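Inside the fold
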Amino acid sequence: MTTTFDPTAFKATTRAQWETAADAWHRWGPSIEDWLGEATERMLDDVRLTPGARVLDVAAGAGGQSFAAARRVGPSGHVLATDISPAILEHAAAVAADQGLTQVATLEADGEDLSAVPDGSFDAAISRVGLIYFPDQHGALSEVHRVLRPGGRFSSIVYSTPDLNGFFALPVGIIRRIAGLPAPAPGLPGPFSLAAPGVAEAA
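First, a word on scope: everything that follows refers to the structure included in this document. As the structure is a computational prediction, the values presented were derived from the model and not from experiment. Each residue is numbered by its place in its chain's sequence as written, counting from 1. In view of the model being predicted, local features appear only for residues whose pLDDT reaches at least 70, and side-chain atom pairs are presented and counted only at 80 or more, with totals across whole chains, interfaces and linings using the full set of residues. To get the side-chain values, all heavy atoms of the structure are used, and hydrogens and water are removed first.

**What about the nonpolar core?**
- Within this scheme, the nonpolar core is defined by two criteria: the residues are buried Ala, Val, Leu, Ile, Met, Phe, Trp, Tyr or Cys, and they are joined through side-chain atoms within 4.5 Å. Buried residues are those whose accessible area, probed at 1.4 Å on protein chains only, stays under 20% of the maximum for their type, while exposed residues exceed 50% and partly exposed ones sit between those limits. Counting 46 residues, the largest nonpolar core has L44, L49, V55, L56, A69, V79 and I126 as its most contacted members.
- If you tally residues by element for this core, the top one is helix α3 (residues 64-73), at 5 residues.
- Residues are treated as being in contact if the distance between any of their heavy atoms lies within 4.5 Å. Excluding anything up to four places from it in sequence, L56 contacts L80, T82, L114, F122, A124, A125, I126 and V147. Elements are defined by DSSP. Helices are runs of H or I of four residues or more, strands are runs of E of two residues or more, and each kind is numbered from the N terminus.

Here it is, written out as structure tokens:
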């Protein structure tokens, strides 16, 4: 039996799942930063942040990378953390306030539709393990391109191929086997959707 992928339903389900998981994801924040910290620093190096820079974070989640960016751009800079889940953005806003990062703001927004963000209004954009879950990755990247100023830079953390990522591949493989679920077809969102050589470049 084959099923047709419905991006609208997928986004609605994703949003509902993150609304439910937001508290747990927030509690695991320190572990997540330990896990992704080195890659995050490299992502931020890639976009060459300087004091006073304006940064867009797409699919920011609980905002760990938003806060790291905010510390780099300093109080004269600005970081806008966007996500499809308002519950997880509440955690991001609370942590930013607790850390005195007044340069961090949040916005509930679909990364494929950043219509609330003006053209050319950011110096840099980042996305930490968010782009892989967009049904229309090219559309999301087009929106990022639109809101960046000329010469602005974008960097994203995505997962490599399953053979190099046992952290995801092993448990997901077990779940799929027990539940009788196929792997996502090429071109569909998922942890390894941008893993194969050339796929990210094509998007």
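Text resumes after the structure shown.
**A few points about the packing of helix α1 (residues 7-27) against helix α2 (residues 29-46)**
- Where α1 meets α2, the closest approach of the two axes is 4 Å, and the angle between their N-to-C directions is 70°. The pairing of α1 with α2 is recorded here as roughly perpendicular in orientation. Note on element contacts: α2 touches α1 through G29, P30 and I32, opposite W25, H26 and R27.
- Among the residues forming the contact of α1 with α2, the class breakdown is 3 nonpolar, 2 polar and 1 charged. Fitted lines through C-alpha atoms serve as axes, helices being fitted only where they are in contact, and the angles separating the N-to-C directions of these axes extend from 0 to 180 degrees. Any angle between 65 and 115 degrees counts as roughly perpendicular, while under 35 counts as roughly parallel, over 145 as roughly antiparallel, and the rest as oblique. For this scheme, ten residues count as nonpolar: Ala, Val, Leu, Ile, Met, Phe, Trp, Tyr, Cys and Pro. Four count as charged, namely Asp, Glu, Lys and Arg, and the remainder, Gly too, count as polar.

**Let's talk about the layout of surface pockets**
- Approximately 350 Å³ is the volume attributed to the second largest pocket.
- A cavity here means a set of 1 Å grid points, computed over protein atoms only, where a 1.4 Å probe fits but cannot escape. A pocket is an open set with protein on both sides within 12 Å along at least 5 of 7 lines, and lining residues have an atom within 4 Å of a point. Forming the walls of the second largest pocket are 20 residues, and the residues nearest its centre are P184, A185, P186, F192 and S193. Grid points are joined across faces, edges and corners, and a volume is the space filled by probe spheres set on the points.

**Here we look at helix α6 (residues 166-179)**
- Here α6 is 14 residues long and its end C-alpha atoms lie 19 Å apart, about the 20 Å a rise of 1.5 Å per residue gives.
- Of the residues flanking the end of α6, it is G180, one or two places downstream, whose phi is positive at about 70°. By this rule the span expected of a helix is its residue count minus one, scaled by 1.5 Å.

**Structural notes on α1**
- Here α1 contains 21 residues, and its C-alpha end-to-end distance of 29 Å stays within 8% of the 30 Å for a straight helix at 1.5 Å per residue.
- The bend at a residue is defined as the angle formed between two axes, one fitted to the seven residues ending at that residue and one fitted to the seven starting there. Its axis deflected by about 55° at A21, α1 carries its strongest bend there.
- When α1 is considered as a whole, its buried residues turn out to be K11, T14 and A22.
- In this structure, the buried residues of α1 make contact with α4 (86-98).

**Here we look at the packing of α1 against α4**
- In contact at an axis separation of 7 Å, α1 and α4 are set at 30° when each is read in the N-to-C sense. Considered as vectors, α1 and α4 are oriented roughly parallel to each other. In this structure, α1 contributes R15, W18, E19, A22, D23, W25 and H26 to the contact, and α4 contributes P86, A87, I88, H91 and V95.

**Notes on unusual backbone geometry**
- With phi around 60°, A59 is a residue other than glycine that occupies positive phi space.
- With respect to the helices and strands, the residue A59 is situated in the loop between β1 (54-57) and α3.

**What about the pattern of salt bridges?**
- Every case where a carboxyl oxygen of Asp or Glu lies within 4 Å of a side-chain nitrogen of Lys or Arg is listed as a salt bridge. A complete count under the given rule lists 9 salt bridges for this structure.
- The shortest N-O distance in the salt bridge between R15 and E108 comes to 3.3 Å. Residue R15 is found in helix α1, and its partner E108 is found in strand β3 (residues 104-108); the two are separated by 93 residues along the sequence.
- Owing to a relative accessible area of 31%, R15 belongs among the partly exposed residues under this scheme.
- Here E41 and R72 are joined by a salt bridge, their closest N and O atoms 2.6 Å apart. Placement of the pair is E41 in helix α2 and R72 in helix α3, with a sequence separation of 31 residues.
- For E41, a relative accessible area of 36% gives the class partly exposed.
- Because the salt bridges share partners, they merge into one network encompassing K11, D110 and E112.

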